[in-house]
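Here is how the chains run, residue by residue.
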Amino acid sequence: RYRKLIPNGDKVPHPCAEKGIWYGVGHFYQYGGGRLNSFGSDFLANGKKWDETLCRQDSDGDGLSNGEELGDPQCQWKPGSDSILTAPESHPGICNPMKAAKCQELNARFSIYPCNS
């Protein structure tokens, strides 16, 4: 529902399945629903809009801004304008790489389905 409101919203990589897509970007469940992840909470707190504030945040604490993770490192994307985007690097709401010590610590308090089901 909100995928069109963020850059590459339909192409966000699955954090624990190579070549997979995570459709519920703001949720801990791959297809959405249930609890919000940190990016979903930040998106909601930001009025459900993509802007420079949300773009420059690092919602999941992995050291990359949301814009870097979603392919909008310069924070210039607007809905309907995909020409300036690069491919998304990772998921903005789940710390990646999943096996990194920092990310294991940050992600440990959550059940990320289907990553640790």
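Remember, predicted model here, so these are calculated numbers, not experimental data.

J.: Go over the side chain of asparagine 46 with me, naming the residues and quoting the values.
T.: Turning to its location among the elements, asparagine 46 is positioned in the loop between helix H1 (38-45) and helix H2 (52-56). Judged by its relative accessible area of 14%, asparagine 46 falls in the buried class. Once residues lying within four places of it in the same chain are set aside, the contact partners of asparagine 46 are Asp51, Thr53 and Leu54.

J.: Go over the nonpolar core with me, naming the residues and quoting the values.
T.: The biggest cluster of nonpolar side chains holds twelve residues, and these are Ile6, Val12, Val25, Phe39, Phe43, Trp50, Leu54, Cys55, Leu70, Cys75, Trp77 and Leu85. Looking at this core, the elements with two or more residues in it are H1 and H2. Not counting the four nearest positions on each side in its chain, tryptophan 77 is found in contact with Lys4, Leu5, Ile6, Pro7, Trp50, Asp72, Asp82, Ile84 and Leu85.

J.: Tell me about the state of the cysteines, residues and numbers included.
T.: If you walk through the whole model with that rule in mind, you get two disulfides. Each sulfur of the disulfide joining cysteine 55 and cysteine 75 lies 2.0 Å from the other. Taking the sign of the S-S torsion, -85° for the link of cysteine 55 and cysteine 75, the bridge is left-handed. Residue cysteine 55 is found in helix H2, and its partner cysteine 75 is found in the loop between helix H3 (66-70) and helix H4 (101-107); the two are separated by 20 residues along the sequence. By the burial criterion, cysteine 55 is buried, and cysteine 75 matches it.

About the cut-offs
- Residues numbered from 1 in each chain as written.
- Predicted model: local features only at pLDDT ≥ 70, side-chain atom pairs only at ≥ 80, totals over all residues.
- Heavy atoms only, no water.
- Helix = DSSP H or I, 4+ residues; strand = E, 2+ residues; numbered from the N terminus.
- Buried < 20%, exposed > 50% of the residue type's maximum accessible area, 1.4 Å probe, protein only.
- Contact = heavy atoms within 4.5 Å.
- Core = buried A, V, L, I, M, F, W, Y, C linked by side-chain atoms within 4.5 Å.
- Disulfide = S-S within 2.5 Å.

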